[in-house]
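Report on the structure
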Amino acid sequence: MATRDELFALFDQLGIAHRTLEHPAVFRVGEGEEIKAGLPGGHTKNLFLKDAKDRLWLISALQDTRIDLKRLPAVIGSAKLSFGRRSGCSRPWR
């Protein structure tokens, strides 16, 4: 696995413009609004889901996208979905 510095060096070598903003971790869409306000582009939310066949799914969408978990399986070809659980924890991610 490449280090952060190696990744940035590769971007430079390939002529890929990049900019990094260091900030505290953000766990919910509503958190970090002051951070996102200064960043251009779309901002996303990520849902870590598990289906009834024990397959894991990571859904990324623009932060304002409404995601209907009852309709999503037909869209992505999964079984019924629920929120994945943290390793070693009985509570789902929230």
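All of the points below concern the structure found in this document. (Residues numbered from 1 in each chain as written. Predicted model: local features only at pLDDT ≥ 70, side-chain atom pairs only at ≥ 80, totals over all residues. Heavy atoms only, no water.)

A separate point is the pairing of strand β2 (residues 56-62). Where strand β1 (residues 44-51) and β2 come together, 7 bridges link them in antiparallel fashion. Following the sheet pairing, L47 is matched in β2 by I59. Hairpin connection, β1 to β2: the antiparallel pair is bridged by 4 residues, and D54 has positive phi, about 65°. (Pairing = 2+ DSSP bridges. Helix = DSSP H or I, 4+ residues; strand = E, 2+ residues; numbered from the N terminus.)

Moving on, we come to the sheet that holds strand β3 (residues 81-83). The strand order across the open sheet formed by 3 strands is β2-β1-β3, and the pairing between neighbours is antiparallel. Every interior strand has two partners, whereas the edge strands, β2 and β3, have only one. Between one strand axis and the next, the sheet turns by 45° as a mean value, whatever way the strands run. Relative to β3, β1 runs antiparallel, the two sharing 3 bridges. Bridge assignment links L49 to a residue of β3, and that residue is F83. (Axes fitted to C-alpha atoms, helices over the stretch in contact; angles between N-to-C directions.)

The next thing to look at is the side chain of Q63. Secondary-structure assignment places Q63 in the loop between β2 and α3 (72-76). Only 2.9 Å separates the side chain of Q63 from the side chain of K36, close enough to count as a polar contact. The contact partners of Q63, leaving out residues within four places of it in the chain, are V29, E33, K36, H43, T44 and K45. (Polar contact = N/O pair within 3.5 Å; in protein donor to acceptor, adjacent residues only side chain to side chain. Contact = heavy atoms within 4.5 Å.)

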